[in-house]
Amino acid sequence: MASLDKPPVVTSTVKWRFPDIHPEGRKYVLIAAAIALLSLFVWDFITWPLVFLTLGVAAFFRDPVRVTPQGEGLIVSPADGLITMIERVPLPPELTGPHALGDAPMVRVSVFMSVFDVHVNRTPITGTIKHVIYISGKFMNADFDKASDENERQHIVVEDRDGLRIGFTQIAGLVARRIVAFVKSGDMVVAGQRVGLIRFGSRVDVFIPEDYACQVALGQRAIAGETILARKGGTAATGISQ
């Protein structure tokens, strides 16, 4: 009996390359590179430190490609970084009321971004941007709990086609001095799409609905657009501080 023909195996190779630099950061890389080049003719003894600084700035603004999980009832991480807090808290005033997330306390998952993490933020769900609310404030360490109320921050609310609303907050940190939004109210976004950037160390808080179970643990590292933070109707992967 003749064997059935097998379909050809498609093979390919991928070589590592440095991720693209987000357009928001290219001018800073060029400025750092120009200063390093100028130092060759003025203070050549600091040229190498300035070269490493230029590489550091380029690494900070790197914008790698991400593959977002597909499926219903998923909330993905909007930021790269360390899961530092998972607790039930009252909502920020800007996210309360029927126009936002309601009035009941919600589980907040905080992702802390060091200067070594990717700082391009992404939407946790597919939907429509309902609100983008910027609040000026201080620049204390973003790892402090009170940074949620006192630091410069930006709240974003996304609503999906079924009416589910997810709110998340970009919080400036000790070194960060600007939060940049790529979206505005009324924009349509797809889960994992880039929605903003925070310069130089910061935090993002995500508020999880009651019927969603947290899928991450304290101390875990999250990847923006890829790590599943919560799943509807699932089993919680970690305890929640009450």
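Check the entry above for the structure.
Below is a short write-up of the structure. (Residues numbered from 1 in each chain as written. Predicted model: local features only at pLDDT ≥ 70, side-chain atom pairs only at ≥ 80, totals over all residues. Heavy atoms only, no water.)

### So, the overall build of the protein
Here is the rule: Elements are defined by DSSP. Helices are runs of H or I of four residues or more, strands are runs of E of two residues or more, and each kind is numbered from the N terminus. Only heavy atoms matter for contacts: two residues are in contact if any of them lie within 4.5 Å across the pair. Note that accessible areas follow from Shrake-Rupley with a 1.4 Å probe, and for residues the cover is restricted to the protein chains shown.
Summing up its helical and strand segments, the protein has 3 helices and 14 strands in all. Contacts spanning at least 24 positions in sequence make up 71% of the contacts within the protein whose residues lie at least 6 apart. Counting only carbon and sulfur atoms, one obtains 61% of the accessible surface of the protein, whose full area is about 13000 Å².

### Things to note about the sheet that holds strand S10 (residues 194-198)
So the rule is basically this: In this description, strands pair whenever DSSP reports at least two bridges between them. Lines fitted to C-alpha atoms define the axes here, with helix axes fitted over just the stretch in contact, and angles between the N-to-C directions of these axes take values from 0 to 180 degrees.
What the 3 strands build is an open sheet, ordered S4-S10-S8; its pairing is antiparallel. For this open sheet the edge positions go to strand S4 (120-122) and strand S8 (179-181), each flanked by a neighbour on one side alone. Each neighbouring strand pair of the sheet contributes to a mean axis angle of 25°, computed without reference to strand direction. The sheet contact formed by S8 and S10 spans 3 bridges and is antiparallel. Bridging from a neighbouring strand, Val180 pairs with Leu197 of S10.

### Some details on the packing of aromatic side chains
Under the convention used in this document: Only the six-membered ring of Trp is used, alongside the rings of Phe and Tyr, when aromatic pairs are assigned; centres must lie within 6.5 Å, and planes under 30 degrees apart are stacked while those over 60 apart are edge-to-face, with the rest tilted. We call a residue buried when its accessible area falls under 20% of the maximum for its residue type, exposed when it is over 50%, and partly exposed in between, using a 1.4 Å probe and counting protein chains only.
According to the stated counting rule, one finds 3 aromatic pairs in the structure shown. Here Tyr28 and Phe61 contribute two aromatic rings whose centre-to-centre distance is 5.6 Å and whose plane-to-plane angle is 10°, an arrangement assigned as stacked. Of the two residues, Tyr28 sits in helix H1 (residues 23-42) while Phe61 sits in the loop between helix H2 (47-60) and strand S1 (74-76), which places them 33 residues apart along the sequence. Among the residues examined, Phe61 registers a relative accessible area of 0% and is labelled buried.

### Considering H2
Heads up, the rule is: Helices are assigned an expected span. That span is 1.5 Å times one less than the residue count. Taken from the helix axis, the directions to the C-beta atoms give the arc we talk about.
Along its 14 residues, H2 runs 20 Å from first to last C-alpha, staying within 8% of the 20 Å computed at 1.5 Å per residue. When H2 is considered as a whole, its buried residues turn out to be Thr47, Leu50, Thr54, Val57, Ala58 and Phe60. An end-on view of H2 places all buried positions within 160° of arc, on one side of the element. Along H2, exposed side chains directed more than 90 degrees from the buried face belong to Trp48, Phe52 and Leu55. Next to the buried residues of H2 lie H1 and S10.

### Remarks on the side chain of Gln154
Examined against the element boundaries, Gln154 turns out to sit in strand S6 (residues 153-159). Residue Gln154 is classed as buried on the basis of its relative accessible area of 5%. Ignoring anything within four residues of it in the chain, the contact list for Gln154 reads Val132, Ile133, Tyr134, Phe168, Thr169, Gln170, Ile179 and Ala181.

### Details of the environment of Val115
Mapped onto the secondary structure, Val115 falls in the loop between strand S3 (106-113) and S4. Note on Val115: relative accessible area 40%, which makes it partly exposed.

### Regarding the pattern of salt bridges
Put simply, the test is: Between Lys or Arg on one side and Asp or Glu on the other, a salt bridge is scored when a side-chain nitrogen of the former is within 4 Å of a carboxyl oxygen of the latter.
Per the stated rule, a full pass over the model turns up 11 salt bridges. The shortest N-O distance in the salt bridge between Asp117 and Arg221 comes to 2.3 Å. Here Asp117, found in the loop between S3 and S4, pairs with Arg221, found in strand S13 (residues 221-222); they are 104 residues apart in sequence, far enough to count as distant. Judged by relative accessible area, Asp117 falls into the buried class, the value being 8%. Taking relative accessible area as the criterion, Arg221 reaches 49% and is therefore assigned partly exposed. Salt bridges sharing partners connect three or more residues here, namely Asp63, Arg122 and Arg194.

### Focus: the sheet that holds strand S7 (residues 165-172)
Taken in spatial order, the 8 strands make up an open sheet running S9-S5-S6-S7-S11-S3-S2-S13, and their pairing is antiparallel. Strand pairing shows two members of the sheet lacking a second neighbour, strand S9 (188-189) and S13, which therefore form its edges. Relative to S7, S6 runs antiparallel, the two sharing 7 bridges. Pairing of Arg153 across the sheet is with Ile171, part of S7.

### Here we look at the environment of Val67
One can find Val67 in the loop between H2 and S1. Given a relative accessible area of 64%, Val67 falls into the exposed group. For the pair Val67 and Thr227, spaced 160 residues apart in sequence, the C-alpha to C-alpha distance is 9.8 Å. Dropping the residues within four chain positions of it, Val67 is found in contact with Gly225 and Glu226.

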